[in-house]
Amino acid sequence: MPAACDSVLEDIEDIVSAEDLKPHDRLLARKNVFPKVRKRNSQKNVQADDDPPSDSIIPGAQKIWIRTWGCSHNNSDGEYMAGQLAAYGYKITDDSAEADLWLLNSCTVKNPAEDHFRNSIKKAQEGKKKVVLAGCVPQAQPRQDYLKGLSIIGVQQIDRVVEVVEETIKGHSVRLLGQKKDNGKRLGGARLDLPKIRKNPLIEIISINTGCLNACTYCKTKHARGDLASYPVEELVDRAIQSFQEGVCEIWLTSEDTGAYGRDIGTDLPTLLWKLVEAIPEGAMLRLGMTNPPYILEHLEEMAKILNHPRVYAFLHIPVQSASDSVLMDMKREYCVADFKQVVDFLKEKVPGITIATDIICGFPGETDEDFQETMKLVEQYKFPSLFINQFYPRPGTPAAKMHQVPAAVKKQRTKDLSQLFHSYNPYDHKVGERQRVLVTEESFDSNYYVAHNPFYEQVLVPKDPLLMGKMVEVNIYEAGKHFMKGQPVSDARVYTASITRPLAKGEVSGLTEVSKR
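The rules behind each value
- Each residue is numbered by its place in its chain's sequence as written, counting from 1.
- Residue-level local features of this predicted model are given only where pLDDT is at least 70; pairs of side-chain atoms are given and counted only at 80 or more, and the full residue set underlies all totals for whole chains, interfaces and linings.
- Neither water nor hydrogens contribute to the side-chain values; these are computed over all heavy atoms in the structure.
- Only protein atoms enter the 1 Å grid used here. Points where a 1.4 Å probe fits but cannot escape make up a cavity, open sets with protein on both sides within 12 Å along at least five of seven lines make up a pocket, and a residue lines them when an atom lies within 4 Å of a point.
- Grid points are joined across faces, edges and corners, and a volume is the space filled by probe spheres set on the points.
- Helix and strand labels come from DSSP, where a helix needs a run of H or I of at least four residues and a strand needs a run of E of at least two; each type is numbered from the N terminus.
- Classes in brief: Ala, Val, Leu, Ile, Met, Phe, Trp, Tyr, Cys and Pro nonpolar; Asp, Glu, Lys and Arg charged; the others, Gly included, polar.
- The split of the chain into domains comes from an automatic or database domain assignment.
- By definition, residues are in contact when any of their heavy atoms lie within 4.5 Å.
- Pairing between strands is defined by DSSP: at least two bridges between the two strands are required.
- In this description, a line fitted to the C-alpha atoms serves as the axis of each element, helices being fitted only across the stretch in contact, and the angle between N-to-C directions of two axes falls anywhere from 0 to 180 degrees.
- Salt bridge, as used here, is a side-chain nitrogen of Lys or Arg placed within 4 Å of a carboxyl oxygen of Asp or Glu.
- Burial classes follow relative accessibility: with a 1.4 Å probe on protein chains only, a residue under 20% of its type's maximum area counts as buried, one over 50% as exposed, and anything between as partly exposed.
- A helix is expected to span 1.5 Å for every residue after the first.

The computed volume of the largest cavity comes to approximately 120 Å³. Lining the largest cavity are 16 residues; nearest its centre among them are His73, Asp77, Ile158, Ala190 and Tyr231. For the lining of the largest cavity, the element with the most residues is helix 2 (residues 72–88), which contributes four residues. Looking at side-chain class alone, the lining of the largest cavity contains six nonpolar, seven polar and three charged residues. Looking at which domains feed residues into the lining of the largest cavity, each of domain 1 (63–182) and domain 2 (185–425) supplies at least three.

Printed below as a string of structure tokens:
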């Protein structure tokens, strides 16, 4: 498996007068029916003026390019926005040059990600493209100079993306940054049954909650996503069932902290997982997302039972960040190294072969050489097969940005040392010769193989045979690398179709009723 890879404002709708009927109002009049896809082939050869008056523009006829950075939660948001825009009639394009509007969905975790986002805005403006901004960067800091005058869609307002795009195409600047609430209680976000375009038609990403219960001193995402807000169990199960009915064979559960799920609504993660397991068809799989140590500690016994289920990957992403208790205290991580070890040791004992992935920050403010050596010892002890190594970047507005910083050269050297340690061991060599059951779901980055995963969510490359895509097959492992294994399908083994129905075509909109497809 490869290594990898916030102030709140009320809604501001500038320029749109109170008398104007907004797209949102028109859509609300058509309850439970999604916007009809508009066909405007006659518009293809019409040459528009450079700056046509807004009343001459027909929204829904334009081409939109969407770029998403960051986590699977952000990717899910991007899929939902693409689906709504396509359902309304906009053409989603992979060609940024031909697009009329760029929708840039940002990540605020690291400085480099925001730098890419900022550069993309500049490139769009130079190319005279209309721009709509989304994701955690503008939600967390909407008043930054380089965001002035640009339309913004907040992380909890993605169900209103059609409005924002429509007004932006007309030349208006619109900002929707409010929180969704029900009787004063913050909700998890937009509805889960909105149209979406899955990046991979075989994989459904479901956000089970947004925000978290922590206040980590280095984290900017908290400023954007806020405190914990969970979706009800029944809504999540319904979404999973709908996904399977559309040909999905693998579900990823995601959030800022899956382990904290339900604490705000009187339930918990194991309760949700058992309900989801009941809905997973034979051959399909569920992958659990990142959970912090404090919240998984309370449910270790139950989580071990769930991770042993044949339709759940024996995989868990548990960020440790540092093996120094003093550094963890400065980070306000609310656990100590002993807690992390307790979780890992218990799961390794109760779930044989489980894959534990973790994250480490190198050079957090105040980290001494002794602190860092403790982290090196932890990696040496557990030899994590998946390790996400991050050099510390101070994010503006966070407490850690005001702390005494470790020199850049030291941070860089520690990152290099940890990377060298990680690459000094090969976690899969002992598996050569094994016979494994794998689920094939995607194409490799170099397009030479199909990518499958075994029950431990370890990456297995298989021959690029179209008959294998979306199938559960048995393979013989004949080669192992640092991040993957290679497997040859067993000729006499059963090939099982994981999807209960034909998957949607790539680019096809999920969640549309037959009426709205006409």
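Picking up after the structure, the text goes on.
Among the structural elements, Thr375 can be located in helix 13 (residues 369–382). In contact with Thr375, other than residues within four places in its own chain, are Ser322, Ala323 and Ile360.

Glancing now at the sheet that holds strand 13 (residues 250–254). The strand order 10-13-14 describes an open sheet built from three strands, whose pairing is parallel. Looking at the sheet topology across the chains shown, the edges are occupied by strand 10 (203–207) and strand 14 (285–287). The average undirected angle you get between the axes of adjacent strands in this sheet is 20°. Pairing geometry for strand 13 and strand 14, over three bridges, is parallel. Paired with Glu250 across the strands is Met285, a residue of strand 14.

In this section: the pattern of salt bridges. Scanning the model with the defined rule gives 26 salt bridges in all. Notably, a salt bridge pairs Lys63 with Glu98, separated by 3.4 Å at the nearest N-O pair. You can see Lys63 sitting in strand 2 (residues 63–68) and its partner Glu98 sitting in the loop between strand 3 (91–93) and strand 4 (101–106), a full 35 residues away along the chain. For Glu98, a relative accessible area of 32% gives the class partly exposed. Between Arg435 and Glu474 there is a salt bridge whose closest N-O contact spans 2.6 Å. Residue Arg435 is found in strand 18 (residues 435–443), and its partner Glu474 is found in strand 21 (residues 471–480); the two are separated by 39 residues along the sequence. Take Arg435: its relative accessible area is 48%, and that puts it in the partly exposed class.

The next point concerns helix 12 (residues 337–350). For helix 12, spanning 14 residues, the distance from its first C-alpha to its last is 20 Å, which sits close to the expected 20 Å at 1.5 Å a residue. Taken as a whole, helix 12 has its buried residues at Val337, Phe340, Val343, Val344, Phe346 and Leu347. If you follow the buried residues of helix 12, they end up packed against helix 9 (293–296), helix 10 (300–307), strand 15 (315–317), helix 11 (325–331), strand 16 (355–362) and helix 13.

Below, the discussion takes up the sheet that holds strand 16. What the three strands build is an open sheet, ordered 15-16-17; its pairing is parallel. Strands at the two margins of the open sheet, each flanked by one partner only, are strand 15 and strand 17 (386–391). Neighbour to neighbour, the strand axes of the sheet diverge by 15° on average, direction disregarded. Bridge analysis of strand 15 against strand 16 gives three bridges, and the strand direction is parallel. Directly across from Phe315, in strand 16, lies its bridge partner Thr355. Packing of helix 14 (residues 408–422) onto the sheet brings it into contact with strand 16 and strand 17, and relative to strand 17 it is tilted by some 170°.

In short, the description is geometric, and any link to function would need to be established separately.
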